[in-house]
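Observations on the model geometry
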Amino acid sequence: MHRLFVGIDLPHAVKDALVARMGGVLGARWQSEDQLHLTLRFVGTVDTHTANAVAEALATIRARAFDLSTTRTGIFERKARIETLWVGVEPQEPVKALHNKVDRALQLVGIAPEMRSYLPHITLARFSGTAGPLDAFLREGFPPVSFTVDAITLFESRLTTEGADYSVVARWPLIA
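Note that this is a predicted model, so its numbers are computed, not measured.

Attention now moves to the packing of aromatic side chains. Following the criterion strictly, the structure yields 5 aromatic pairs and no others. Both rings, one in Phe-5 and one in Phe-155, keep their centres 4.8 Å apart while their planes meet at 15°; by these two values the pair is stacked. One end of the pair, Phe-5, is in strand β1 (residues 2-9); the other, Phe-155, is in strand β8 (residues 151-160), and 150 residues separate them in sequence. On the basis of relative accessibility, which here comes to 5%, the residue Phe-5 falls in the buried class. Between Phe-76 and Trp-86, the ring centres sit 5.4 Å apart and the planes meet at 35°, which makes this aromatic pair tilted. Remark: Trp-86 occurs in strand β5 (residues 81-90) and Phe-76 occurs in strand β4 (residues 66-78); sequence separation between them is 10 residues. Taken together, the ring pairs connect Phe-5, Phe-155 and Tyr-166 into an aromatic cluster. Above the ring of Phe-137, the side-chain terminus of Arg-21 is found at 4.1 Å from the ring centroid.

Once that is clear, we can look at unusual backbone geometry. Note the cis peptide between Glu-90 and Pro-91, where omega equals -5°. Even without being glycine, Lys-79 reaches a positive phi, approximately 55°. As for its placement among the helices and strands, Lys-79 is situated in the loop between β4 and β5. Phi angles above zero are rare outside glycine, and Ala-80 is one such case at about 60°. Looking at where Ala-80 falls in the secondary structure, it is placed in the loop between β4 and β5.

For the rest of this paragraph, the subject is the nonpolar core. In terms of nonpolar packing, the biggest core is built from 49 residues, with Leu-18, Leu-40, Leu-58 and Leu-124 touching the most fellow members. Setting aside residues up to four positions removed in sequence, Leu-58 forms contacts with Val-6, Val-102, Leu-106, Ile-152, Leu-154 and Trp-172.

Reading guide: rules and limits
- Residues numbered from 1 in each chain as written.
- Predicted model: local features only at pLDDT ≥ 70, side-chain atom pairs only at ≥ 80, totals over all residues.
- Heavy atoms only, no water.
- Phe/Tyr/Trp six-rings, centres within 6.5 Å; stacked < 30°, edge-to-face > 60°.
- Helix = DSSP H or I, 4+ residues; strand = E, 2+ residues; numbered from the N terminus.
- Buried < 20%, exposed > 50% of the residue type's maximum accessible area, 1.4 Å probe, protein only.
- Lys NZ or Arg CZ within 6 Å of the ring centre and 35° of its normal.
- Core = buried A, V, L, I, M, F, W, Y, C linked by side-chain atoms within 4.5 Å.
- Contact = heavy atoms within 4.5 Å.

The following block contains the structure:
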């Protein structure tokens, strides 16, 4: 079985800039440099046949490369408890368009469509308990870091006792 997601792998300069700013929040489990990415679509756990079909469907996607910049920081909450600290990207429109293309390709191989609203972001930290004060971190944010999105990547996620370990299954270039 394979636990898959489709995303945008970030350039090392972007990862370095994000990692340099991480820290100073009690209770945060910061993402490692290898875990930093922008998710386009979570696939879930599938068998090898479906994983191969997913890869074939993703290979048919045609989209132009585009530029992004990191922007404001934010949080996701569930039941009034902070679960995730993230940094957003701008402009959102090309990322959302790519997300929609990925979602449609996955539907063609039997993966149910995404029902949640899509907000392009890069997860910085997760919280399993109480989150320390975040006001200063959210207020300070990040200096914008610009980069070009020139490929989509199929990742496999393996859950370990130290957290998720991501590996690249395949990568498809976008049109320059």
